[in-house]
Amino acid sequence: ISEIEDNCESHSKCLLSKKQFENIYKRYRGLRASEELILEKYPNNVCGYCRTSRAIEIDHYLPQSKFRSYSLIYNNLVPSCHNCNHRKGHDVPLRGIPWFFHPNFEEVDDKFCLNVEVFNNYKEIIFSIKNPTRDILIESYDFSLTVLGIYNEYSRLSNTELVETLQIYHDL
């Protein structure tokens, strides 16, 4: 995808000048209704990446700094929590290298299997994805879950729930 990095000024088919585009962008970016529509893409306003935190920001899947003409495209805008948006950053995908899955287009299918390992007498829970076939989509999920800290967050949430459940049974 980096090969098609957006250089609107260099394309003869570009209909808007940089200034015209920036004026349109500023006008629509400030509309609360547009922002709410994007933030409500997923049930319960959850982050499109981690699906555990509340979406309070809008991520440009293809960064607006490099793909200016995509910055107002609805499917390029992903509801995101602050952590995922910040950790994802402004990098662009490179051919042949795993990159972030796209929450609007890539769905988990039957090839996706989340592996859970429990250590230290249930005190340490580690999540991972098994990918014996080296499927590129599964690699992008694994990359995303690692970089965005989602494995760690799942481990933290699971550990907290397990400790609370064990405490309830211990108190009985």
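Structure first, text after, so check above.
Note that the structure is predicted; figures quoted are calculated from it, not measured.

Asker: Got a minute to help me understand the packing of aromatic side chains in this structure?
Answerer: One pair of aromatic rings is described through two measures. These are the centre distance and the angle between the planes. In the structure shown here, the tally under the stated rule is seven aromatic pairs. Between the aromatic rings of F67 and Y70, the centroid separation amounts to 6.1 Å while the plane-to-plane angle is 75°, which identifies the pairing as edge-to-face. Here a set of aromatic residues connected by ring pairs shows up, and it is made of Y61, W99, F100 and F143.

Asker: Just checking my understanding: could you explain the environment of L162 for this structure?
Answerer: In this fold, L162 is placed in helix α5 (residues 150–171). When the C-alpha positions of L162 and Y122 are compared, they lie 8.0 Å apart, and in sequence the two are 40 residues distant. Apart from the residues within four sequence positions on either side, L162 is in contact with Y122 and I125.

Asker: What is the right way to look at the environment of S80 in this model?
Answerer: Locating S80 in the fold gives a position in strand β2 (residues 77–80). Distance from S80 to G48, taken between C-alpha atoms, is 5.8 Å for residues 32 residues apart in sequence. The residues touching S80, leaving out its near neighbours within four places in the chain, are C47, Y49, R54, A55, I56, E57, D59 and N85. At a separation of 3.1 Å, a polar atom in the side chain of S80 contacts the main-chain amide nitrogen of N85.

Asker: Looking at this structure, how should I read the pattern of salt bridges?
Answerer: For side chains of opposite charge, pairing can occur when their charged atoms come near one another. Enumeration according to the criterion identifies three salt bridges in this entry. The partner of R134 in a salt bridge is E139, and the shortest N-O contact between them spans 3.2 Å. The exposure class of R134 is exposed, given its relative accessible area of 58%. The exposure class of E139 is buried, given its relative accessible area of 16%. The closest approach of N and O atoms between E153 and R156, which form a salt bridge, is 2.7 Å. Of this pair, E153 and R156 are both found in helix α5, three residues apart, which corresponds to roughly one turn of the helix. Classification of R156 by relative accessible area gives partly exposed; the value is 44%.

About the thresholds
Residues numbered from 1 in each chain as written. Predicted model: local features only at pLDDT ≥ 70, side-chain atom pairs only at ≥ 80, totals over all residues. Heavy atoms only, no water. Phe/Tyr/Trp six-rings, centres within 6.5 Å; stacked < 30°, edge-to-face > 60°. Helix = DSSP H or I, 4+ residues; strand = E, 2+ residues; numbered from the N terminus. Contact = heavy atoms within 4.5 Å. Polar contact = N/O pair within 3.5 Å; in protein donor to acceptor, adjacent residues only side chain to side chain. Salt bridge = Lys/Arg side-chain N within 4 Å of Asp/Glu carboxyl O. Buried < 20%, exposed > 50% of the residue type's maximum accessible area, 1.4 Å probe, protein only.

In short, shape yes, function no, at least from these values alone.
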